[in-house]
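Each chain, letter by letter, is given below.
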Amino acid sequence: MTDSKYFTTTKKGEIFELKAELNSDKKEKKKEAVKKVIASMTVGKDVSALFPDVVNCMQTDNLELKKLVYLYLMNYAKSQPDMAIMAVNTFVKDCEDPNPLIRALAVRTMGCIRVDKITEYLCEPLRKCLKDEDPYVRKTAAVCVAKLHDINAQLVEDQGFLDTLKDLISDSNPMVVANAVAALSEIAESHPNSNLLDLNPQSINKLLTALNECTEWGQIFILDCLANYTPRDDRESQSICERVTPRLSHANSAVVLSAVKVLMKFMEMLPKDLDYYGTLLKKLAPPLVTLLSAEPELQYVALRNINLIVQKRPEILKHEMKVFFVKYNDPIYVKLEKLDIMIRLASQANIAQVLAELKEYATEVDVDFVRKAVRAIGRCAIKVEQSAERCVSTLLDLIQTKVNYVVQEAIVVIKDIFRKYPNKYESVIATLCENLDSLDEPEARAAMIWIVGEYAERIDNADELLESFLEGFHDESTQVQLQLLTAIVKLFLKKPTETQELVQQVLSLATQDSDNPDLRDRGYIYWRLLSTDPVAAKEVVLAEKPLISEETDLIEPTLLEELICHIGTLASVYHKPPSAFVEGSRGVQHKRIPIHIGGSPSMGSGFGAPAAVMPSSLNAPVGGGLGDLFDLGGGVGMPMGTFVPPKTLWLPAMKGKGLEIMGTFARRAGVIQMEMTLTNKAMSVMTDFAIQFNRNSFGLAPAGPLQVPTPLSPNQTIDVSLPLNNGGPVMKMEPLNNLQVAVKNNIDVFYFSCQYPISMLFVEDGKMDRQVFLATWKDIPNENEAQFQINDCHLNSDAASNKLQGSNVFTIAKRTVEGQDMLYQSMKLTNGICVLTELRVQTGSPTYTVSDRHTHALWVMIPARAGV
Amino acid sequence: MIGGLFIYNHKGEVLISRVYRDDIGCLSTPYPSWERNAVDAFRVNVIHARQQVRSPVTNIARTSFFHVKRSNIWLAAVTKQNVNAAMVFEFLYKMCDVMTAYFSKISEENIKNNFVLIYELLDEILDFGYPQNSESGALKTFITQQGIKSQVRDKDEQSQITSQVTGQIGWRREGIKYRRNELFLDVLESVNLLMSPQGQVLSAHVSGRVVMKSYLSGMPECKFGMNDKIVIDKQQGKGATSDDSAKSGKQSIAIDDCTFHQCVRLSKFDSERSISFIPPDGDYELMRYRTTKDIILPFRVIPLVREVGRTKLEVKVVIKSNFKASLLAQKIEVRIPTPLNTSGVQVICMKGKAKYKASDNAIVWKIKRMAGMKESQISAEIELLPTNEKKKWTRPPISMNFEVPFAPSGLKVRYLKVFESKLNYSDHDVIKWVRYIGRSGIYETRC
């Protein structure tokens, strides 16, 4: 029997003929006709006109015919909702059929008919099927609940199907359990706060048991669901890990990756000194390597995930460099990913091997791959200092090949090497200059111009070289124009006598003949600088440049953390949070890795999220101050880490031309972090983000550039975290903790100011010796003392002390006088100023009295503002 | 989850389309619009794309397409959600396996001929985009090419089907009977090598598979043992004599990693490192493994390339066989790449036949058989057309193909025990066949 003939008919009047055949008395003919209809449907012809005739064929005891009709119904019911109702009776009848296969078929198909009217007829049969004696029917019904929820969520809740579904998690059949888990997980995604899955140690135990028994797909559903659970303590986390690790030997790569996800996430909760932690790390490497022997498409998924894993935990694969070597016949997408991982794993120990490989790759055929290989050599030079020399000579060899794109790529990376190791490899400049003419890509031209300008004093004919670019100034891209402008100004400052004419020429080209505002502005600035104060110009233009970082294109930490929670999924393949490519409510919740909290059993889930503010737990005298440290009430007495105030709106979209910034400050591992959520509420894409601070009281300055990983598309939101240091210029601000910020993007520059909690500035080594404390307290003059009260704080003194310790406020001594607890505390600011406080806590009274003294009269205002 | 599944021919025409979800905001538009949009988007952006495929996952207008290709047939899964990407690909491969099990080759003709069957399968193995039991053994009990014989079934048979499809042992049905209980076990290894021109091993690994054919009655419990170093060391720890340990210690191999068919009890392997399972009936792959230590490299290739002027290359390649002299390697083939501007080649080889294949840009040297501990040589003179192209010839590596009757990893099967308590046959009654085949994977020497 060949069915391919059904694909060939394309006569006119076909629909008419089919109609006749469908209404034929002969069963065989009917079936043939339905097949033809399905074939037409497949190739995209509209056969919806046959709806009533096809539905008429539904009442049959021939299962094959029935399935075909159902297939048709699923496709066309929505365009003919009224007609679809005609089918309901048959469905309901089939749900009572003695044959479990037919019962399941009916309930499965009914769920696929997305017509509102049908849903109410579906409820009764579905309820029965969920309790069917046959597991095959139950597992089908479980998925049907998810289908119904997709059409009419309210109905599912009203009818109590969610509870029935929850009961199925305890079903005796593992496949029913797996499907129920899948359905519940999906439903839970659209109700972020519903706690639908209600994961607790008992239900987790059930899932782990089912894990051993169900199909490979079921194992994936269960593992993906487990990954959303937050264990209560490290012991529970270890026991789950122990029961998940056997899955690493499964033949199905998806099972392996989902198991890796669970382990990567739960590992975070284990103490690093635990033996098991080390064992687990070792167990993760072999299965990840094995994934590379899968089919290429899966290799690609695996490599994208490994890229995340090596960023999060480089130790896992650090000895496995060789498996990422590119094979001659790997598909290009696998090659490019392997190359990325090779660079991430490159270290002093393996650099020789890596370089030898990269050199091989640079002679391959695929242009993208070769470019990336050349760039990789440069990245190795920057990453592993010992190899820099070898990398440079390899790059020079490659330049000698004269292959155009290789040369250009090499010059771009050599520029970065110059930046990283100034005054070391300039001897190669001559070779670079030989290739000036062959550069036709803007990036390479700009890089070369930068080199010429930067080292103008060592290049005899620098003026000639730059002049040659000037001829076609207006045809160059902006990047090159800007670079050329700067380079000539540099040249002028270095060799003023011979180049006056040249600089005049470029300045007038930039300011008078250009439409580009950036170029014009830069031109004017240079012009004015040069004409008013050449010395200042020198300081500005020839200023020492900050070092460039070793690792480039690292994924921003919070995003990385989120992506780790999405191992195996599309998000991990795209390296984007689900919210960036999923529409609607699904997947928009951000997932976080739980943190190790030292085995305290009392803390439930919800860790890792910023601490929530308990309203009215305390009346802080001044907002944004130390007083906030007391909240997160409830009297849990344990070190919590630095208090992080919730994000507040810093830049409303109205003022930011569509850019909205919410932000807060945190002190993490001794580093002050400015954490911001950027939302693009404009219609166009935003790129080229940068940030600057005005001078401020404590000299806060960004420790690196603002890393906004992707161009920010409309409606996209990203979280960025900017480490700060205290190296910036100081100027007293009013209020003291005020910070004026400028954020730039491709649209404009925006200014806003925000206030950081003073507690961010408390350093970790602020604990004073007892004796020193006493002496200092006496030494500080009384006028440096301030006193005030904090009301409505219900913590006892120990809890308060613990909580403050998390924010680097250290309790030196405590004594109890007349029912009052007196806490003596010290803290040290980043600029070395110490603050000493006496905290009086009246037991049973919600009022605290604080007196404090500080070492520096100028700063008398701080503690008052800090609000202790 | 998976929103839809499409099968295309090489021209981009749709052969099969099954939509599981219309999760996009198309509720107001009549049905076919989205599907057709997705179908067309994939055709335009992937199948008809001018460039080589840059990624097996493509995102077009917020819709993600996963595709695999089998000969000239494209299978594409489509979704709008953050699905488990590894699972989608595993499913697509599984789908190919299932189709192969039903109608052998995946071709346009076979797909058209079986489209009703494929729709039926798609309805069964994917529900609302969630993969369900997709073991072809189980599926074949109730979905057949001849349509369904449902009417003749009695109730017992029906519930037997459903309990098997959903059961713990979804890969095997009850009540299988054979007159002769037989087991075939093949250890198939592919040995991979990348060697520098100087003879330094850059990377070498063996990826092996244990493939079984079992024809056993009832629900037998099997236990498989091999010379796994961890197991052997553990047994020695239990107090074997030192003499014993020295002997067996040499023979054990270190397995880097292994994965198992879903019938193997993984938790048991994790705790005791024993491999026990109830096998599927017929063909299946029991395990895959990988080793990197102490690999026996069956052949060594020693290349010598000399450029004589700009229009001539001299190539000399020696191959040495490196295994027991009593064993015979077969199907030996050495591929020596030649530059694109080759105009003529003269070859002299000691053994076998060698030919220049202009279409492959390579000299192909074939030897039918070669015993261990031997060596052979080929020399060639390659004439080149003068070109003005600046780009240097990239010198692809010399690759080799061969087949040897041993396992290059050193893996040995120690035992394969069968227990079936309910039926009256014992381990001794089962006829077992074991075979070792080592093949070249990517076996390359740079020159």
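Cut-offs applied
- Residues numbered from 1 in each chain as written.
- Chains lettered and ligands numbered in written order.
- Predicted model: local features only at pLDDT ≥ 70, side-chain atom pairs only at ≥ 80, totals over all residues.
- Heavy atoms only, no water.
- 1 Å grid on protein atoms, 1.4 Å probe; cavity = no way out; pocket = protein on both sides within 12 Å on 5 of 7 lines; lining within 4 Å.
- Points joined across faces, edges and corners; volume = space filled by probe spheres on them.
- Helix = DSSP H or I, 4+ residues; strand = E, 2+ residues; numbered from the N terminus.
- Pairing = 2+ DSSP bridges.
- Axes fitted to C-alpha atoms, helices over the stretch in contact; angles between N-to-C directions.
- Contact = heavy atoms within 4.5 Å.
- Buried < 20%, exposed > 50% of the residue type's maximum accessible area, 1.4 Å probe, protein only.
- Core = buried A, V, L, I, M, F, W, Y, C linked by side-chain atoms within 4.5 Å.
- pLDDT = per-residue confidence, 0-100.

### Structural notes on empty space enclosed by the protein
Phase 1: One pass over the full model with this rule turns up 8 cavities of 30 Å³ or more.
Phase 2: A volume near 90 Å³ is recorded for the second largest cavity.
Phase 3: Forming the walls of the second largest cavity are Glu64(A), Lys67(A), Leu68(A), Tyr70(A), Leu71(A), Met74(A), Leu105(A), Thr109(A), Val116(B), Tyr119(B), Glu120(B) and Asp123(B).
Phase 4: Counting only elements with at least two residues in the lining of the second largest cavity, the list comes to helix 4 (63-76) and helix 7 (100-112) of chain A together with helix 4 (115-125) of chain B.

### Here's the deal with the sheet that holds strand 21 (residues 398-404) of chain B
Strands belonging to one sheet form pairs held by backbone hydrogen bonds; the direction of such a pair is parallel or antiparallel.
Phase 1: Across the sheet, which stays open at both edges, the 9 strands sit in the order 11-13-9-8-23-21-16-19-18 (chain B) with mixed pairing between neighbours. Where the open sheet ends on each side, the last strands, each with one partner, are strand 11 (257-260) and strand 18 (353-357) of chain B. Within the sheet, the average angular offset between the axes of one strand and its neighbour, ignoring direction, is 15 degrees.
Phase 2: Its contacts with the sheet put helix 17 (residues 275-290) of chain A on strand 11 and strand 13 (282-291) of chain B, and the angle it makes with strand 11 of chain B is roughly 65 degrees.

### Topic: the environment of Pro723(A)
Residues and elements named next belong to chain A.
Phase 1: Of note, Pro723 is situated in strand 6 (residues 717-725).
Phase 2: Taking relative accessible area as the criterion, Pro723 reaches 30% and is therefore assigned partly exposed.
Phase 3: Sequence spacing of Pro723 and Gly704 is 19 residues, and the spatial spacing of their C-alpha atoms is 6.9 Å.

### Quick word on the nonpolar core
Phase 1: In terms of nonpolar packing, the biggest core is built from 285 residues, with Tyr72(A), Leu317(A), Phe418(A), Ile7(B) and Phe66(B) touching the most fellow members.
Phase 2: Here this core gets 14 residues from one element, more than from any other, and that element is helix 2 (residues 85-103) of chain B.
Phase 3: Filtering out sequence-adjacent residues up to four positions away, Phe66(B) remains in contact with Leu570(A), Pro56(B), Val57(B), Leu75(B), Ala76(B), Ala77(B), Thr79(B), Val83(B), Ala85(B), Val88(B), Phe89(B) and Leu92(B).
Phase 4: Counting 43 residues, the second-largest nonpolar core is a separate cluster that includes Phe665(A), Leu706(A), Ile718(A) and Ile758(A).

### Looking at the confidence of the model for chain B
Residues and elements named next belong to chain B.
Phase 1: Overall, the predicted model of chain B reaches an average pLDDT of 86, with 90% of residues at or above 70.
Phase 2: Contacts of residues 24-32 to residues separated by more than four positions or lying in other chains number 8 contacts, the stretch itself having pLDDT below 50.
Phase 3: Confidence over residues 240-249 falls short of pLDDT 50; this stretch has 5 contacts with residues more than four positions distant or in other chains.
Phase 4: Across the interfaces of the predicted complex, the ipTM metric reaches 0.82, alongside a pTM of 0.73.

### Topic: the confidence of the model for chain A
Residues and elements named next belong to chain A.
Phase 1: When pLDDT is averaged along chain A, the result is 82, and 88% of the positions lie at 70 or above.
Phase 2: Here helix 35 (residues 861-866) stands out as the element of chain A with the lowest mean pLDDT, 34, in contrast to helix 18 (residues 296-312), whose mean of 96 is the highest.
Phase 3: Low confidence marks residues 598-640, where pLDDT is under 50. Its contacts with residues over four positions away, or in another chain, come to 83 contacts.
Phase 4: Contacts of residues 856-868 to residues separated by more than four positions or lying in other chains number 43 contacts, the stretch itself having pLDDT below 50.

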